[in-house]
Amino acid sequence: MSSARRIVFLMDPIEDIKPHKDSTLAMMLAAQARDWQVHYATLDKIYMDNGTVRAEVTQATVFDDQQHWYSDQRTCDIALGEIDIIMMRKDPPFDSEYLYCCHLLEFARRAGAVVVNHPEALCNINEKLLIGLFPEYCTPTLVTRQTQAIRSFLDTHEDAILKPLDGMGGASIFRLRKNDSNVGVILETMSQNSQRLMVQRYLPDIKQGDKRILLINGQAVDYALARIPTEGENRGNLAAGGRGEARPLTQRDREIAAAVGPELVRRGVIFAGLDVIGDYLTEVNVTSPTCIRELDAQCNLDIAGDLLDAIDTQYFSANH
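Peer 1: Quick one: what's the story with the packing of aromatic side chains, residue by residue and with numbers?
Peer 2: The relation between two aromatic rings is expressed through the spacing of the ring centres and the mutual angle of the planes. In this structure the tally under the stated criterion is three aromatic pairs. An angle of 85 degrees between the planes, with centres 6.3 Å apart, marks the rings of Tyr-40 and Tyr-70 as edge-to-face. Highlighted residues: Tyr-40 in strand β2 (residues 37–41) and Tyr-70 in strand β5 (residues 70–79), separated in sequence by 30 residues. Residue class for Tyr-40 comes out buried when judged on its relative accessible area of 10%. On the basis of an interplanar angle of 45 degrees and a centroid distance of 5.0 Å, the ring pair of Phe-94 and Tyr-98 is categorised as tilted. Accessibility expressed as a relative area gives 31% for Phe-94, which makes it partly exposed. Among the aromatic residues, those joined into a ring-pair cluster are Tyr-40, Trp-69 and Tyr-70. The ring centre of Tyr-202 lies 3.6 Å from the NZ or CZ of Arg-175, which sits over that ring. Geometry around Tyr-280 places Arg-201 over its ring, the cationic atom sitting 5.9 Å from the centre.

Shown next, in the form of structure tokens:
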């Protein structure tokens, strides 16, 4: 196995995570199991000093314990280019702070750190828009600021899902039906900030679950987590109350993963999560894909360990 490495997780406050379902904690536990030095920091701790990107990071011991999942060891200020691996695991929204930190991480990458996922990929990939590269695998989709265009789409398809381009966890997702009297107020509310919206034809297969397929270096994990909506709900997201059920990948799932995987690898995306409803790709998650812990528990996997091994082999192998 590899020599000890120093790894920094850039994340939301560690004290606020849900340890039983947090994929970043799974990665931290996997790194610690390899005797790597585990550090974490929030984005506000990153700064640039005379061209060197630095951060105040905290070394931690982590535990698979829902009551006590971390213990701080020491905090230090360090040049991030001296770190072996930086895992960008801050949850969306993808706002200006996130973007600026990705710009800073590019300096750290150029100084020698491995950044996962590649900062340029994080800057340039919109998790909803990327599906536009693979229309043959998608349900009819429209991205627009024009409410009349959305109404025309609804006239054609009669049943649709409306969502903002920068959301996560099922936030601000609406189901629109052609003759619903609430369509006007929904469009008015969603478009009040002049933001672009995505509209997709409604897929009845959501009742069987919104599948999350995890990719490591373009290769799909053999099981997907179907996030099944609660009764009367259109969203399968676990954050919206959905129930997670592991399922083997279907042939169609594998076809989608095989189509998308090479493009992600080309862009430097080592870890991604595809969202698939029925036979259709709906999103490509690259910022902080989740569902590791649920799949590990149900299928006896070690996805975080496989991810760290892939990073270690790709970037630190003697043959690299």
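Text resumes after the structure shown.
Peer 1: Give a detailed account of the pairing of strand β16 (residues 271–277), specifying residues and quantitative values.
Peer 2: Every other side chain in a regular strand lies on the same face of the sheet, so the side chains alternate between the two faces. The element β16 is largely enclosed, with a buried count of seven among its seven residues. Alternating residues of β16 divide into Phe-271, Gly-273, Asp-275 and Ile-277 and Ala-272, Leu-274 and Val-276, and every residue in both groups is buried. Across seven bridges, strand β12 (residues 210–216) lies against β16 in antiparallel orientation. For Ile-213, the partnering residue across the bridge sits in β16 and is Leu-274. Taken together, the five bridges between β16 and strand β17 (residues 280–285) define a ladder with antiparallel strand orientation. Among the inter-strand pairings, Ile-277 is bridged to a residue of β17, identified as Tyr-280.

Peer 1: Account for the pattern of salt bridges, with residues named and values stated.
Peer 2: Enumeration according to the criterion identifies 21 salt bridges in this entry. Where Glu-245 meets Arg-243, a salt bridge forms, and the shortest distance between an N and an O atom there is 3.2 Å. Accessibility expressed as a relative area gives 47% for Arg-243, which makes it partly exposed. Close ionic contact of Arg-266 with Glu-263 constitutes a salt bridge, the shortest N to O distance being 2.7 Å. Of this pair, Arg-266 and Glu-263 both sit in helix α6 (residues 251–266), three residues apart, roughly one helical turn. A relative accessible area of 16% means that Glu-263 is categorised as buried. Several salt bridges converge on common partners, so that one network encompasses Asp-210, Arg-212, Arg-227 and Asp-275.

Peer 1: Let's hear about the sheet that holds strand β8 (residues 141–144): which residues, and what values?
Peer 2: Across the sheet, which stays open at both edges, the four strands sit in the order β8-β11-β9-β10 with antiparallel pairing between neighbours. The open sheet is flanked by β8 and β10 (174–177), the only strands paired with a single partner. Averaged over all pairs of adjacent strands, the angle between strand axes in this sheet comes to 25 degrees, irrespective of strand direction.

Peer 1: Please set out the packing of helix α4 (residues 147–157) against helix α5 (residues 183–190) residue by residue, giving values where relevant.
Peer 2: Close contact between α4 and α5 brings their axes to 11 Å; oriented N to C, the two are set at 140 degrees. Considered as vectors, α4 and α5 are oriented oblique to each other. Handedness of the α4/α5 crossing: right-handed. Contacts between α4 and α5 involve Thr-147, Ile-150, Arg-151 and Leu-154 from the former and Val-183, Gly-184 and Leu-187 from the latter. Taken together, the residues of the contact of α4 with α5 break down into four nonpolar, two polar and one charged.

Peer 1: Give a detailed account of the nonpolar core, specifying residues and quantitative values.
Peer 2: Core analysis: the biggest nonpolar cluster contains 46 residues, and Leu-80, Leu-264, Leu-274 and Leu-281 have the highest contact counts within it. With six residues, the top contributor of residues to this core is helix α2 (residues 96–110).

The rules behind these values
- Residues numbered from 1 in each chain as written.
- Predicted model: local features only at pLDDT ≥ 70, side-chain atom pairs only at ≥ 80, totals over all residues.
- Heavy atoms only, no water.
- Phe/Tyr/Trp six-rings, centres within 6.5 Å; stacked < 30°, edge-to-face > 60°.
- Helix = DSSP H or I, 4+ residues; strand = E, 2+ residues; numbered from the N terminus.
- Buried < 20%, exposed > 50% of the residue type's maximum accessible area, 1.4 Å probe, protein only.
- Lys NZ or Arg CZ within 6 Å of the ring centre and 35° of its normal.
- Pairing = 2+ DSSP bridges.
- Salt bridge = Lys/Arg side-chain N within 4 Å of Asp/Glu carboxyl O.
- Axes fitted to C-alpha atoms, helices over the stretch in contact; angles between N-to-C directions.
- Parallel < 35°, antiparallel > 145°, perpendicular 65-115°, else oblique.
- Left-handed = near helix turned anticlockwise from the far one by under 90°.
- Contact = heavy atoms within 4.5 Å.
- Nonpolar A, V, L, I, M, F, W, Y, C, P; charged D, E, K, R; others polar.
- Core = buried A, V, L, I, M, F, W, Y, C linked by side-chain atoms within 4.5 Å.

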